[in-house]
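Spelled out, the chains give:
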Amino acid sequence: MSWRAVVAALAVVLAAGCARETGRLTPELARRIQSEGVVHRADNLKFRRSHDVGRYDAGWREGVASIIVTRTSVLIHRNEQVFLEINPRSRRFLQVRRERERIRIRSGSGGSSEVWSFEPPDSAEAWAKDIRAVMRDRGN
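As the structure is a computational prediction, the values presented were derived from the model and not from experiment.

### Some words on helix H3 (residues 124–137)
Piece 1. Across its 14 residues, H3 extends 20 Å between first and last C-alpha, which sits within 8% of the 20 Å expected from 1.5 Å per residue.
Piece 2. Within the sequence span of H3, burial applies to Ala124, Trp127, Ala128, Asp130, Ile131, Val134 and Met135.

### Examining the packing of aromatic side chains
Piece 1. One pass over the structure, following the stated rule, counts 4 aromatic pairs.
Piece 2. With 5.1 Å between their ring centres and 35° between their planes, Phe47 and Phe118 make a pair best called tilted. Here Phe47 is found in strand S1 (residues 38–51), whereas its partner Phe118 is found in strand S7 (residues 114–118), with 71 residues between them in sequence.
Piece 3. Phe118 gets classed as buried once you look at its relative accessible area, which sits at 0%.

### With respect to helix H2 (residues 27–36)
Piece 1. Here H2 has its buried residues at Leu29, Ile33 and Glu36. Seen from one end, H2 has its buried residues packed into an arc of 60°, which puts them on one side. Along H2, exposed side chains directed more than 90 degrees from the buried face belong to Pro27, Glu28, Arg31, Gln34 and Ser35.
Piece 2. Elements in contact with the buried residues of H2: S1, strand S2 (59–70), strand S3 (74–78) and strand S4 (81–86).
Piece 3. One or two positions beyond H2, positive phi appears at Gly37, with a value near 85°.

Reading the values: the criteria
- Residues numbered from 1 in each chain as written.
- Predicted model: local features only at pLDDT ≥ 70, side-chain atom pairs only at ≥ 80, totals over all residues.
- Heavy atoms only, no water.
- Helix = DSSP H or I, 4+ residues; strand = E, 2+ residues; numbered from the N terminus.
- Expected span 1.5 Å × (residues − 1).
- Buried < 20%, exposed > 50% of the residue type's maximum accessible area, 1.4 Å probe, protein only.
- Phe/Tyr/Trp six-rings, centres within 6.5 Å; stacked < 30°, edge-to-face > 60°.
- Arc of directions from axis to C-beta.
- Contact = heavy atoms within 4.5 Å.

So this is what it looks like as structure tokens:
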């Protein structure tokens, strides 16, 4: 095998390994989400997670994750790893804000709060409205 063929094969393997596919769910979670009725879904979005908002040690990180909004829940995840789930059993303080084309979801209060923000692939207004509906239905 020539060195060019080896380099080309290595490039293909590295490109596949670097792809940031974040939308895979466990079969059980996928069934549950489907049964709830998916309203919005976006995979492989750039998120900013701010933590300890309002404290001296506040910070933030950017990463790639997926979000699913159903009629009764909101799920931010990277494949099987769930970062934030909002459902009828959620008891934390929750708030959603739209700032132009960006959505900000605040979870928690005081020093334990975190904010997940992202730009949805389509109407930010519709996403914010449907996320608020999930929060309203849980009594918040």
